[in-house]
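Report on the structure
As a plain string of letters, each chain reads:
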Amino acid sequence: DSGVTQTPKHLITATGQRVTLRCSPRSGDLSVYWYQQSLDQGLQFLIHYYNGEERAKGNILERFSAQQFPDLHSELNLSSLELGDSALYFCASSASGGGLYGYTFGSGTRLTVV
Amino acid sequence: GDSVTQMEGPVTLSEEAFLTINCTYTATGYPSLFWYVQYPGEGLQLLLKATKADDKGSNKGFEATYRKETTSFHLEKGSVQVSDSAVYFCALRSGNTGNQFYFGTGTSLTVIP
């Protein structure tokens, strides 16, 4: 157990729907990062939050949004889902805003859009 | 921009064989370098890291040396085991781009008995 908790582990939904993925960082970590892992695109950085504030955005679609709450858990909202959004979504956390010592990853949420 | 390039897989080795997975990087400034491992059905786990040139990271028999002159961070292990079968990711943390991490595409390793 890495200490980073992601729920749900699996999610199957239809095109056009909206889903919310949840991440609880490791205790004491202030930074949360979201990544999308697909077979054809590898690991793509989506967004980084530090202590409730957005710090960096990567290849995140406008249909996707995220936030980090005062208790430091984070949610990734995916809307108007398309078949191509099917992927593994990973959350990672780190103690500092810069991830100097690396990230700790959760076990991911596997999203299947049908 | 900053990026990481790692050797394409898949790689298949016999148990006790020597492993090398090549990783090269492009970065401005002084990045930190990492290797992560992903076992089937799991998230990525930090395997080892090096934060400055000539540093050697090591863990579980794996090692990698940060070579600034060749911009490389190749992963090596002298004798692989079946339990080493996983996907290995090379990553770079760039201090010049908001401390962003850049991951390679991953190299799948299968070790056969």
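Keep in mind that what you see is a predicted model, and the values were worked out from it rather than measured. (Residues numbered from 1 in each chain as written. Chains lettered and ligands numbered in written order. Predicted model: local features only at pLDDT ≥ 70, side-chain atom pairs only at ≥ 80, totals over all residues. Heavy atoms only, no water.)

**Examining the sheet that holds strand 8 (residues 62–65) of chain B**
All names here are of chain B. Spatially, the four strands line up as an open sheet ordered 3-9-8-7, and their pairing is antiparallel. Whereas interior strands pair on both sides, the edge strands pair on one side only; in this sheet they are strand 3 (19–21) and strand 7 (56–59). Ignoring strand direction, the axes of neighbouring strands in this sheet form an average angle of 15°. (Pairing = 2+ DSSP bridges. Helix = DSSP H or I, 4+ residues; strand = E, 2+ residues; numbered from the N terminus. Axes fitted to C-alpha atoms, helices over the stretch in contact; angles between N-to-C directions.)

**Some words on the interface of chain B and chain A**
Tallying the contact residues gives 16 residues for chain B and 15 residues for chain A. For the pairing of chain B and chain A, the buried interface totals around 1,300 Å² over both sides, and the portion due to carbon and sulfur atoms is 57%. When the buried area of chain B at its contact with chain A is split by residue, Leu44(B), Gln100(B) and Phe103(B) rank highest and sum to 32% of it. Taken together, the links from chain B to chain A amount to zero salt bridges. Remark: the boundary between chain B and chain A carries two residue pairs in polar contact (both at pLDDT 80 or more). At the level of elements, strand 5 (32–38), strand 6 (44–50), strand 10 (86–94) and strand 11 (100–103) of chain B are the ones that each hand at least two residues to the side of chain B that touches chain A. In terms of residues, the side of chain B that touches chain A owes the most to one element, strand 5 of chain B, which gives four residues. In terms of residue class, the side of chain B that touches chain A is built from seven nonpolar, six polar and three charged. (Contact = heavy atoms within 4.5 Å. Buried area = accessible area lost by both parts, 1.4 Å probe. Salt bridge = Lys/Arg side-chain N within 4 Å of Asp/Glu carboxyl O. Polar contact = N/O pair within 3.5 Å; in protein donor to acceptor, adjacent residues only side chain to side chain. Nonpolar A, V, L, I, M, F, W, Y, C, P; charged D, E, K, R; others polar.)

**So, the packing of aromatic side chains**
Tallied over the full model, the rule gives 17 aromatic pairs over all chains. Both rings, one in Tyr35(A) and one in Phe103(B), keep their centres 5.3 Å apart while their planes meet at 85°; by these two values the pair is edge-to-face. Of this pair, Tyr35(A) sits in strand 4 (residues 31–38) while Phe103(B) is found in strand 11, placing the two residues in two different chains. Classification of Phe103(B) by relative accessible area gives buried; the value is 12%. Here the aromatic rings of Phe90(A) and Phe105(A) are separated by 6.2 Å at their centres, their planes lie at 85°, and the arrangement is edge-to-face. Of this pair, Phe90(A) sits in strand 9 (residues 87–94) while Phe105(A) sits in strand 10 (residues 104–105), and the two are 15 residues apart along the sequence. As far as burial versus exposure is concerned, Phe90(A) and Phe105(A) are alike and both buried. What links up through ring pairs into an aromatic cluster is the set Tyr33(A), Tyr35(A), Phe45(A), Phe90(A), Tyr103(A), Phe105(A), Phe34(B), Tyr36(B), Phe101(B) and Phe103(B). (Phe/Tyr/Trp six-rings, centres within 6.5 Å; stacked < 30°, edge-to-face > 60°. Buried < 20%, exposed > 50% of the residue type's maximum accessible area, 1.4 Å probe, protein only.)

**Quick word on the side chain of Ser31(A)**
Residues and elements named next belong to chain A. Relative to the elements of secondary structure, Ser 31 occurs in strand 4. The exposure class assigned to Ser 31 is buried, which follows from its relative accessible area of 0%. A distance of 2.9 Å separates a polar atom in the side chain of Ser 31 from a polar atom in the side chain of His 48.

**Regarding the pairing of strand 2 (residues 11–14) of chain B**
Residue and element names in this part refer to chain B. By the alternation rule, side chains of strand 2 split into Val 11 and Leu 13, which are all buried, and Thr 12 and Ser 14, of which none is buried. Sheet topology note: the strand 2/strand 12 (residues 107–112) ladder contains four bridges and is parallel. What sits directly across from Leu 13, in strand 12, is Val 111.

**Things to note about the state of the cysteines**
Enumeration according to the criterion identifies two disulfides over all chains in this entry. The disulfide partner of Cys23(A) is Cys91(A), and the S-S distance across this bridge is 1.7 Å. Disulfide Cys23(A)-Cys91(A): the torsion about the S-S bond is -45°, which places it as left-handed. Taken together, the residues Cys23(A) in strand 3 (residues 19–24) and Cys91(A) in strand 9 connect sequence positions 68 residues apart. Across the disulfide from Cys23(B) sits Cys90(B); the S-S distance is 1.9 Å. Judged by the sign of its S-S torsion, about -70°, the bond between Cys23(B) and Cys90(B) is left-handed. Of this pair, Cys23(B) sits in strand 4 (residues 23–26) while Cys90(B) sits in strand 10, and the two are 67 residues apart along the sequence. Cys90(B) gets classed as buried once you look at its relative accessible area, which sits at 0%. (Disulfide = S-S within 2.5 Å.)

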